[in-house]
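# Survey of secondary and tertiary structure
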Amino acid sequence: MYWKSLGHMRIKCELCPHLCIIENGKLGKCQARVNHGGILYTLSYGKVVSYAYDPIEKKPLAHFHPDSTIFSIGTSKCNLTCSFCQNHSLVSFDGNVRTTSPKEIVTLAKQNGSIGIAYTYNEPTIWYEYMLETCKLAKTEGLINVMVTNGYINSAPMIELLPWLDAMNIDLKGTINSFYQDICGGTLQPVKETISLCSKSTHVEVTMLLIDSLNTNWTDFERTCKWLADLNSNLPLHISRYFPAHQLTIPKTRLETLTIAREIAQKYLKNVHIGNAFI
Ligand code: SF4
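This structure is a prediction, so every number in the text was calculated from the model and none was measured.

With numbering matched to this structure, UniProt assigns "domain: Radical SAM core" (unreviewed entry) to residues 63–277. For residues 63–277, the end-to-end C-alpha separation is 19 Å, with 36% helix and 19% strand making up the annotated structure.

Following this line, the structure appears as structure tokens:
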């Protein structure tokens, strides 16, 4: 879905803001979509690499069906390349797994007290077709759908998916474009557009993972909190603690940083939570 032919077996993928131009036989940046003979194929359809029955607070969602359990699934690969990726072992997984049908996922999602399905762990945008099909089937069975995303998706596919979603957690990884470009391999504006678009029609909570000295400029942070509050001052914000992971060896975020951030955010937003830390 969401691609077009450029002729001579070249393809433009229009699923995410990278808008990859893909030659025959080559992969897109996400490594999850391939051009075979001028047709774009998804490689991750049904490839469930990780699953668990998680507390919904772990997504994190703090203001949506509290104390409930949700069946959570993810595949491998991603359309961003964050040097601090906290799930890199999953994202880089290259092994073979069997294809799990949407029907099997829905059956599993009705067990163990689960209220629905969370598309999470890696970036669910890159298995868009599978997520959309599973969302639709889950709805017919009375289940809820939650997308945990980096928000790096174009508005047309997001608009098609939105009616099937009940809640989202969207990462806002940094407050300035250069952070996205230098550290995440993307750009800021599309993520802000996703937050703005989705918060108008479904329950959205936002997560900001703070890394001392990298994305803790308090002027930028405060401007971003004000922007979120202008969208909806009830929008829950999760300020999350970074721990060294993947390529980034900067020490874990100081607890003091998180409390300063919370004080600033609470000037604008009514629901501010600190995550990954016991304070
Ligand atoms: S979804 Fe993958 S192939 Fe498509 S534009 Fe994004 S990174 Fe490129």
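Interaxial distance between helix 6 (residues 188–199) and helix 7 (residues 218–231) falls to 10 Å at its minimum, and their mutual angle equals 25 degrees. In terms of orientation, helix 6 and helix 7 fall into the roughly parallel class. Our pair here, helix 6 against helix 7, has a crossing hand that is right-handed. For the pair helix 6 and helix 7, contact is made by Lys192, Ile195, Ser196 and Ser199 and by Trp227, Leu228 and Leu231, respectively.

The amide bond that connects Lys59 to the next residue, Pro60, takes the cis arrangement and shows omega of -5 degrees. Here Pro60 lies in the loop between strand 6 (50–55) and strand 7 (69–74).

Strand 9 (residues 144–149) sits mainly inside the fold: 6 of its 6 residues count as buried. Neither face of strand 9 is open: one carries Ile144, Val146 and Val148, the other Asn145, Met147 and Thr149, and all of them are buried. In the classification by handedness, the crossover that spans strand 8 (residues 114–119), the intervening helix 3 (residues 128–140) and the parallel strand 9 is right-handed. Of the strand pairs in this sheet, strand 9 and strand 10 (residues 167–171) are connected by 4 bridges, and their pairing is parallel. Within strand 10, the residue paired with Thr149 across the bridge is Ile170.

Our focus in this paragraph is the pattern of salt bridges. Counted according to the given criterion, the structure contains 15 salt bridges. A salt bridge links Arg98 to Glu104; the nearest nitrogen and oxygen atoms lie 2.9 Å apart. The exposure class assigned to Arg98 is exposed, which follows from its relative accessible area of 56%. We classify Glu104 as partly exposed; its relative accessible area is 30%. The salt bridge involving Lys173 is made with Asp171; its shortest N-O contact spans 3.2 Å. For Lys173, a relative accessible area of 13% corresponds to the buried category. One network of salt bridges, with partners in common, ties together Asp54, Lys58 and Lys59.

About the cut-offs
- Throughout this document, residue positions are counted from 1 along each chain, in the order its sequence is written.
- Local features in a predicted model are, by the rule used here, given only for residues with pLDDT of at least 70; side-chain atom pairs are given and counted only at 80 or more, and totals for whole chains, interfaces and linings are based on all residues.
- Only hydrogens and water are removed before side-chain values are computed, so all heavy atoms of the structure are retained for them.
- UniProt positions are given in the numbering used here, feature names are shortened, and annotations may be inferred rather than shown by experiment.
- Secondary structure elements follow DSSP: runs of H or I no shorter than four residues count as helices, runs of E no shorter than two count as strands, and numbering proceeds from the N terminus.
- For helices, the fitted line uses only the C-alpha atoms of the stretch in contact; every axis is such a line through C-alpha atoms, and the angle between N-to-C directions lies from 0 to 180 degrees.
- Angular relationships are summarised with four words: roughly parallel below 35 degrees, roughly antiparallel beyond 145, roughly perpendicular across 65 to 115, and oblique for the angles in between.
- Crossing handedness follows the turn of the near helix against the far one: under a right angle anticlockwise gives a left-handed crossing, and clockwise gives a right-handed one.
- By definition in these notes, contact holds between two residues if any of their heavy atoms fall within 4.5 Å.
- Under the scheme applied here, a residue whose accessible area is under 20% of the maximum for its type counts as buried, over 50% as exposed, and between as partly exposed, the area being computed with a 1.4 Å probe on protein chains only.
- With its strands directed away from the observer, a crossover is right-handed exactly when the path from the first strand over the helix to the second travels clockwise.
- Whether two strands pair depends on DSSP finding at least two bridges between them.
- The salt bridge definition used is simple: a Lys or Arg side-chain nitrogen within 4 Å of an Asp or Glu carboxyl oxygen.

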